[in-house]
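Residues per chain, in single letters:
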Amino acid sequence: MANKKKVVVTGFEPFGSHAVNSSWVAVQELERLGLGEEVDLHVCELPVDYLAVQNILPSLWKEHQPQLAVHVGVSGIATSVTLEQYGHNQGYQRLDNRSFCPASRCCMENGPNEIKSVIDMDMVCKRVNGSNIGITVSVSKDAGRYLCDYTYYTSLHQGQGHSAFVHVPPLGAPYSSGELGRGLQAVIKEMLSLLEADYTEEELKDNKHCRHMEQH
């Protein structure tokens with residue numbers, strides 16, 4: 001199919017107390033499920049490494065030129081599948097798996113303080129929660145100032161806003177790997193739908209918002 005949509009989805013390697021990183025487990029489940037015949041899905045496991053992320057993300061965007069890049073990370077405090085609206089440039093102080101942290105404490109010197117995804121995460125949240133798939137979705141405006149946020153900001157810059165970040169809970173807290181995969185699949189399908197400007201009159205008039213969370 002010549003006009004297939006291209007989507008890149010990444011998860012992270014283990015780090016800290018997360019000996020099994022549920023983000024990569026969820027992405028592997030998504031790869032098994034797929035996003036439909038009309039979508040060319042490419043998945044990649046990212047290292048928890050600031051310098052590596054700075055090198056890998058531009059390569060992913062250049063090689064695949066996706067309509068959408070979705071990055072998935074684990075949050076120890078999340079109990080729902082959490083959609084991040086913004087990536088942030090400054091405030092990076094935690095050491096990565098190589099015990100490294102950028103001396104500038106930022107993603108991009110002289111870059112904007114934050115970059116907003118072109119995707120309306122509140123709308124994605126509302127649609128998925130309304131579909132009764134058994135997965136609760138929420139929205140956050142703070143991705144936590146670690147590799148998750150760093151990756152998101154870098155990708156948003158590379159893709160001119162055509163990126164998303166999804167935080168998932170650890171495995172079994174409360175969702176299984178299969179449930180996380182299904183949740184990720186549902187979320188990304190709605191994101192692709194919104195990128196095609198598939199809003200309805202009722203949704204545009206509806207001012208109800210999803211529950212908001214912050215990752216710290």
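Just so we're clear, the structure is a prediction, and the values are computed from it rather than from any experiment.

(A) A look at the nonpolar core. Counting 60 residues, the largest nonpolar core has Val-9, Val-70, Leu-83, Val-166, Val-187, Ile-188 and Met-191 as its most contacted members. At eight residues, the largest contribution of residues to this core is made by helix H5 (residues 177-195). Among all residues touching Ile-188, those that are not within four sequence positions of it are Val-7, Val-9, Leu-30, Leu-35, Leu-68 and Val-70.

(B) Representation of the environment of Glu-109. You can see Glu-109 is positioned in the loop between strand S5 (86-88) and strand S6 (114-116). Residues Glu-109 and Cys-44 lie 65 residues apart in sequence; the distance between their C-alpha atoms is 27 Å.

(C) A look at empty space enclosed by the protein. Scanning the model with the defined rule gives two cavities of 30 Å³ or more in all. Here the largest cavity is characterised by a volume of approximately 40 Å³. Lining the largest cavity are Phe-12, Phe-15, Asn-21, Val-48, Gly-73, Val-74, Tyr-146, Leu-147 and Cys-148. Sorting the residues of the lining of the largest cavity by element identifies strand S3 (68-74) and helix H4 (147-158) as the ones contributing at least two each.

(D) Examining the pattern of salt bridges more closely. Considering all chains together, one arrives at six salt bridges under this definition. Across the salt bridge formed by Glu-29 and Arg-32, the nearest N and O atoms sit 2.8 Å from each other. Taken together, the positions of Glu-29 and Arg-32, both in helix H1 (residues 22-33) and three residues apart, correspond to about one turn of that helix. According to the relative accessible area criterion, Glu-29 is buried, its value standing at 17%. A relative accessible area of 59% means that Arg-32 is categorised as exposed. Salt-bridge contacts for Arg-127 lead to Glu-190; the nearest nitrogen and oxygen are separated by 3.2 Å. Pair noted here: Arg-127 is in helix H3 (residues 121-129) and Glu-190 is in helix H5, with a separation of 63 residues, a long-range link. The buried category is assigned to Arg-127, whose relative accessible area is 13%.

(E) Here's a closer look at the packing of aromatic side chains. The full count for this structure, using the stated rule, is seven aromatic pairs. For the pair Phe-15 and Tyr-146, a centre-to-centre distance of 5.9 Å together with 55 degrees between the ring planes defines the contact as tilted. Pair noted here: Phe-15 is in the loop between strand S1 (5-12) and H1 and Tyr-146 is in the loop between strand S7 (137-140) and H4, with a separation of 131 residues, a long-range link. Like Tyr-146, Phe-15 is buried. Between Tyr-50 and Tyr-146, the ring centres sit 6.3 Å apart and the planes meet at 80 degrees, which makes this aromatic pair edge-to-face. Remark: Tyr-146 occurs in the loop between S7 and H4 and Tyr-50 occurs in helix H2 (residues 50-64); sequence separation between them is 96 residues. Side by side, Tyr-50 and Tyr-146 carry an identical accessibility label, which is buried. In textbook terms, an aromatic cluster arises when at least three aromatic residues are bridged by ring pairs, as seen for Phe-15, Tyr-50, Tyr-92, Phe-100, Tyr-146 and Tyr-150. Cation over ring: Arg-94 sits above Tyr-146, and NZ or CZ is 3.9 Å from the ring centre.

(F) Quick peek at the pairing of strand S8 (residues 163-168). Counting buried positions along S8 gives six out of six residues, so the element sits mostly inside the fold. By the alternation rule, side chains of S8 split into Ser-163, Phe-165 and His-167 and Ala-164, Val-166 and Val-168, which are all buried. Where S3 lies against S8, six bridges are found, and the strand directions are parallel. Paired with His-71 across the two strands is Phe-165, which belongs to S8. One ladder, built from three bridges, connects strand S4 (residues 81-84) with S8; its direction is antiparallel. Paired with Thr-82 across the bridge in S8 is His-167.

(G) Focus on the packing of H3 against H5. Between H3 and H5, whose axes approach to 9 Å, the crossing angle comes to 125 degrees. Judged by the angle between their axes, H3 and H5 are oblique. As H3 packs across H5, the resulting crossing turns out to be right-handed. Residue-level contacts link Met-121, Met-123, Val-124, Arg-127 and Val-128 of H3 to Ala-186, Val-187, Glu-190, Met-191, Ser-193 and Leu-194 of H5.

What counts as what
- Residues numbered from 1 in each chain as written.
- Predicted model: local features only at pLDDT ≥ 70, side-chain atom pairs only at ≥ 80, totals over all residues.
- Heavy atoms only, no water.
- Core = buried A, V, L, I, M, F, W, Y, C linked by side-chain atoms within 4.5 Å.
- Buried < 20%, exposed > 50% of the residue type's maximum accessible area, 1.4 Å probe, protein only.
- Helix = DSSP H or I, 4+ residues; strand = E, 2+ residues; numbered from the N terminus.
- Contact = heavy atoms within 4.5 Å.
- 1 Å grid on protein atoms, 1.4 Å probe; cavity = no way out; pocket = protein on both sides within 12 Å on 5 of 7 lines; lining within 4 Å.
- Points joined across faces, edges and corners; volume = space filled by probe spheres on them.
- Salt bridge = Lys/Arg side-chain N within 4 Å of Asp/Glu carboxyl O.
- Phe/Tyr/Trp six-rings, centres within 6.5 Å; stacked < 30°, edge-to-face > 60°.
- Lys NZ or Arg CZ within 6 Å of the ring centre and 35° of its normal.
- Pairing = 2+ DSSP bridges.
- Axes fitted to C-alpha atoms, helices over the stretch in contact; angles between N-to-C directions.
- Parallel < 35°, antiparallel > 145°, perpendicular 65-115°, else oblique.
- Left-handed = near helix turned anticlockwise from the far one by under 90°.

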